[in-house]
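As a plain string of letters, each chain reads:
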Amino acid sequence: MSFVFVLQQSWLTTAVVAALLYVAAASVYRVYFSPLAKFPGPKLAAATLWYEAYYDVVKRGQYAFRIKELHRMYGPIVRINPHELHIDDPDYYEELYSRTSPRDKYKYYTDQFGIPNSSFSTINHRLHRLRRQPLNPFFSKQSIQHLEPIISGMVEKLCSRIQDLKKSGQPVLIRPVYQCLTTDVVTLYALNECWNYPDRPAFSSEWCATVKATGDMGNFMKQAPWLYPILLALPDAVISTIFLGMLLLLNWRRIDKPSEINEDGLARTIFHSLLKSDIPPEEKNLDRLTQEGQLIVGAGADTTANVLTVTTFHLLNNPDIPLKLREELENATPDPYEPLKLATAEPLPYLSAVINEGLRLSYGLSTRLQRVAPSEELHYGQWTIPAGTPVGMTSVLMHHNETIFPNSYAFAPERWLDQANGGHALERYLVSSKGSRQCIGINLAKSELYLTLASVFCRYSLELFDTDRDRDVDLKHGNFLPQPSCGSKGGVAYPISASMGNVEEGTKGATTTDRLHGCFQQNNVSSWVLLDDAKEDMIVE
Ligand code: HEM
């Protein structure tokens, strides 16, 4: 018995010593002999991923801020972990996020959501192109223009809820409200299955918490992606004890499987586009299509809602700006209750400048986005970056570059208008999404931004309710999705309460509710008949 015990002890000691030696040898190699050893940065970050984990997991989404400090200490190119470089130089963005040269993604990043076969997580640029090509027409600008009546109908639905809230005098947390709107748009358009969240009396806090949990989990799951299958297999009671957010996420994953995917009799959905395309049969299996569906719904929800939220805050926090905006909108459309057309809204300079400022101060994704040039060296200044090296840049750093955006924390639409060429040169540095791996939903998102902000700010006077910029709005946790401080009202960091002001409705013609019933049937099947009729026109190759 004691012999077995001694034997076990010696095996254990040997294993521990071997592991320590391995870690030590790997660290020495990484710091002094790896191809990245010549790049500036802290030795500890070069030695181990635990450096990043400390800032992003233990301190919850702080690595983006630490990276900013590292650039201050080491210059515009820094080695931020054993395998990865980060650049802070706005003029390098177009080279790194090239549209023309091949750019792969980085597995460490794409592993974080457990959807490895979705277009978002596809590492190889060629495979990505193959997967994305059938979806491009679905989200093209022309297709989205055909979607305008649906988005307008959804915005009318939102306005009718605002109207109800106005009557009740209740302040409302605005991020979930906008998120319900964006979720309804994307689920109806992409899946032909409107989730009808804005119709619920208290909107859908559970869905909003799920999306937030998904973004927040990323930093942790990057370190341990092998946990996904294990967690999926655990009983709910166990997961909820460990982490409730994870349970919400996994439940969403479990229920969101398209059950009957076949080509015959399909309504028009992203699945329809994928199944009808000539991508190889193995690309059309149920698991992959499910992952694309989950990706598009998840990606289309809080991204746009956060831009709307941040923009709403800054408009209400700077009372002159909504006045100017309303003046422009009133000139463009004499009846504020007549839904504004995209063709009228998009050329409006002040509204466009407000949206650009909203996009700038909401950052899109607050994490760095790595790109890998698989077979060519990249050159940055005197540095040669070996082929295959993940290099990242971060919108948060770009959008607060004081040379490009002076007084960068101020919400100043004028910065886009004062430009000689109407702000187009500056748009180069607005990096919510760029390059060959850019957001597929950006046309959809922009249409939602134009139509929502125009209608809400033309019709209603909102005011902030117990909202503090530092606590409730500014980025404090650079998770995948930007988050304010944990102390933000609402516990799950949904920042803004807006109480409704006193613009009288319906002075010219029908009320919002009448219009809602007129232009958008609550029954989503009938709204789809509308789209289905137009489906051939909608596919723009
Ligand atoms: C203003 C709102 C939005 C912003 C700022 C935004 C931002 C981004 C960014 C930065 C990426 C690239 C991520 C990466 O490099 O890893 C991305 C990808 C993506 N976004 Fe968006 N997004 C927005 C709205 C939407 C909407 C409404 C949809 C719904 C269709 C959507 C769907 C996607 C998808 C499917 C991808 C992956 C594309 C691919 O890898 O091919 N996004 N988004």
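Residues numbered from 1 in each chain as written. Predicted model: local features only at pLDDT ≥ 70, side-chain atom pairs only at ≥ 80, totals over all residues. Heavy atoms only, no water.

**A word on the sheet that holds strand S1 (residues 77-81)**
Working step 1: Across the sheet, which stays open at both edges, the four strands sit in the order S1-S2-S7-S4 with mixed pairing between neighbours. Each end of this open sheet is capped by a strand with a single partner; those strands are S1 and strand S4 (369-372). Taking the axes of each pair of neighbouring strands and ignoring which way they run, one obtains an average angle of 35 degrees across the sheet.
Working step 2: With four bridges connecting them, S4 and strand S7 (residues 390-393) associate as antiparallel partners. Bridging from a neighbouring strand, glutamine 370 pairs with glycine 392 of S7. (Pairing = 2+ DSSP bridges. Helix = DSSP H or I, 4+ residues; strand = E, 2+ residues; numbered from the N terminus. Axes fitted to C-alpha atoms, helices over the stretch in contact; angles between N-to-C directions.)

**Digging into the nonpolar core**
Working step 1: Ranked by size, the top nonpolar core spans 119 residues in total, and within it Ile270, Leu351 and Ile385 carry the most contacts.
Working step 2: Once you skip the residues sitting within four places of it in the chain, leucine 351 turns out to touch Leu325, Glu328, Leu329, Ala345, Tyr450, Leu453 and Ala454. (Core = buried A, V, L, I, M, F, W, Y, C linked by side-chain atoms within 4.5 Å. Buried < 20%, exposed > 50% of the residue type's maximum accessible area, 1.4 Å probe, protein only. Contact = heavy atoms within 4.5 Å.)

**Looking at the site of the ligand**
Working step 1: In the vicinity of the ligand, 27 residues are found, and the nearest of them are Lys105, Tyr109, His128, Arg371 and Cys439.
Working step 2: With respect to the ligand, the side chain of histidine 128 contributes an N or O atom lying 2.6 Å from an oxygen atom.
Working step 3: Within the side chain of arginine 132, a nitrogen or oxygen atom sits 2.8 Å from an oxygen atom of the ligand.
Working step 4: Breaking the shell around the ligand down by element, the ones donating at least two residues are helix H7 (125-132), helix H16 (286-317) and S4.
Working step 5: The dominant element in the shell around the ligand, judged by the number of residues it contributes, is H16, at seven residues.
Working step 6: Broken down by class, the residue content of the shell around the ligand amounts to 14 nonpolar, nine polar and four charged. (Near = heavy atom within 4 Å. Polar contact = N/O pair within 3.5 Å; in protein donor to acceptor, adjacent residues only side chain to side chain. Nonpolar A, V, L, I, M, F, W, Y, C, P; charged D, E, K, R; others polar.)

**A few points about the pairing of S1**
Working step 1: In terms of burial, S1 is a largely internal element, five of the five residues being buried.
Working step 2: Sheet topology places S1 next to strand S2 (residues 84-87); four bridges connect them, and they run antiparallel. Each residue of the ladder has a partner; that of isoleucine 77, found in S2, is isoleucine 87.
Working step 3: Between S1 and S2, which follow one another and run antiparallel, lie two residues.

**Concerning helix H4 (residues 63-74)**
Working step 1: Here H4 is 12 residues long and its end C-alpha atoms lie 16 Å apart, about the 16 Å a rise of 1.5 Å per residue gives.
Working step 2: Listed in full, the buried residues belonging to H4 are Tyr63, Ala64, Arg66, Ile67, Leu70 and His71. The buried residues of H4 occupy an angular sector of 155 degrees when projected down its axis, which confines them to one face. The outward face of H4, more than 90 degrees from its buried face, is lined by the exposed residues Arg72 and Met73.
Working step 3: Buried-residue contacts for H4 involve helix H2 (43-47), helix H3 (50-58), S1, S2 and helix H20 (395-399).
Working step 4: In the stretch just after H4, glycine 75 is the one whose phi turns positive, near 110 degrees. (Expected span 1.5 Å × (residues − 1). Arc of directions from axis to C-beta.)

**Some thoughts on the UniProt feature "binding site: heme" (unreviewed entry) in the protein**
Working step 1: What UniProt calls "binding site: heme" (unreviewed entry) maps, in this numbering, to Cys439.
Working step 2: In this structure cysteine 439 comes out as partly exposed when scored by relative accessible area, which is 34%.
Working step 3: Residue contacts for cysteine 439: discarding those within four places in its chain leaves Arg132 and Ser433. (UniProt positions renumbered as here; feature names shortened; annotations may be inferred.)

**Description of the packing of helix H10 (residues 174-191) against helix H11 (residues 205-223)**
Working step 1: Running from amino to carboxyl end, H10 crosses H11 at an angle of 85 degrees, the nearest separation of the two axes being 10 Å. Comparing their axes, H11 and H10 come out roughly perpendicular. Residue-level contacts link Pro176, Gln179 and Thr183 of H10 to Trp207, Cys208 and Val211 of H11. (Parallel < 35°, antiparallel > 145°, perpendicular 65-115°, else oblique.)

**Looking at the coordination of the iron atom of the ligand**
Working step 1: Just one protein atom coordinates the iron atom of the ligand, and that atom is Cys439 (SG), at 2.3 Å.
Working step 2: Among the secondary structure elements, cysteine 439 is positioned in the loop between helix H22 (424-427) and helix H23 (442-459). (Donors = N, O, S within 2.8 Å, 3.2 Å for Na, K, Ca; no water.)

**Points about the packing of aromatic side chains**
Working step 1: A full pass over the atoms with the stated rule returns 20 aromatic pairs.
Working step 2: Through pairs of rings, three or more aromatic residues link up here, namely Tyr51, Tyr54, Tyr55 and Tyr63.
Working step 3: In this structure, lysine 105 packs its charged tip against the face of phenylalanine 120, placed 3.9 Å from the ring centre.
Working step 4: For the cation-ring pair, arginine 360 lies above phenylalanine 405, with the distance from its terminal atom to the ring centre recorded as 5.1 Å. (Phe/Tyr/Trp six-rings, centres within 6.5 Å; stacked < 30°, edge-to-face > 60°. Lys NZ or Arg CZ within 6 Å of the ring centre and 35° of its normal.)

**Details of the pattern of salt bridges**
A pair can form between side chains of opposite charge whenever their charged atoms are brought close.
Working step 1: The tally for this structure, following the rule as stated, stands at 25 salt bridges.
Working step 2: The salt bridge partner of aspartate 302 is arginine 175, with a shortest N-O separation of 2.6 Å. Of this pair, aspartate 302 sits in helix H16 while arginine 175 sits in helix H10, and the two are 127 residues apart along the sequence. Here the two residues aspartate 302 and arginine 175 agree in accessibility, since each one is buried.
Working step 3: Here glutamate 357 and arginine 415 are joined by a salt bridge, their closest N and O atoms 3.2 Å apart. Here arginine 415 lies in helix H21 (residues 414-417) and glutamate 357 lies in helix H19 (residues 349-362), a separation of 58 residues in the sequence.
Working step 4: On the basis of relative accessibility, which here comes to 12%, the residue arginine 415 falls in the buried class.
Working step 5: Here the salt bridges do not stand alone but share partners, grouping Glu52, Glu84, Lys222 and Arg368 into one network. (Salt bridge = Lys/Arg side-chain N within 4 Å of Asp/Glu carboxyl O.)

**So, the packing of H10 against H16**
When two helices pack together, their arrangement is captured by the angle between the axes and the distance separating the axes.
Working step 1: In contact at an axis separation of 8 Å, H10 and H16 are set at 145 degrees when each is read in the N-to-C sense. Crossing of H10 against H16: the hand is right-handed. Along its contact with H10, which presents Ile174, Arg175, Tyr178, Gln179, Leu181, Thr182, Thr183, Val186, Thr187, Ala190 and Leu191, the element H16 presents Gly293, Ile296, Val297, Gly300, Ala301, Asp302, Thr304, Ala305, Asn306, Leu308, Thr309 and Thr312.
Working step 2: For the contact of H10 with H16, the residue count by class is 11 nonpolar, 10 polar and two charged. (Left-handed = near helix turned anticlockwise from the far one by under 90°.)

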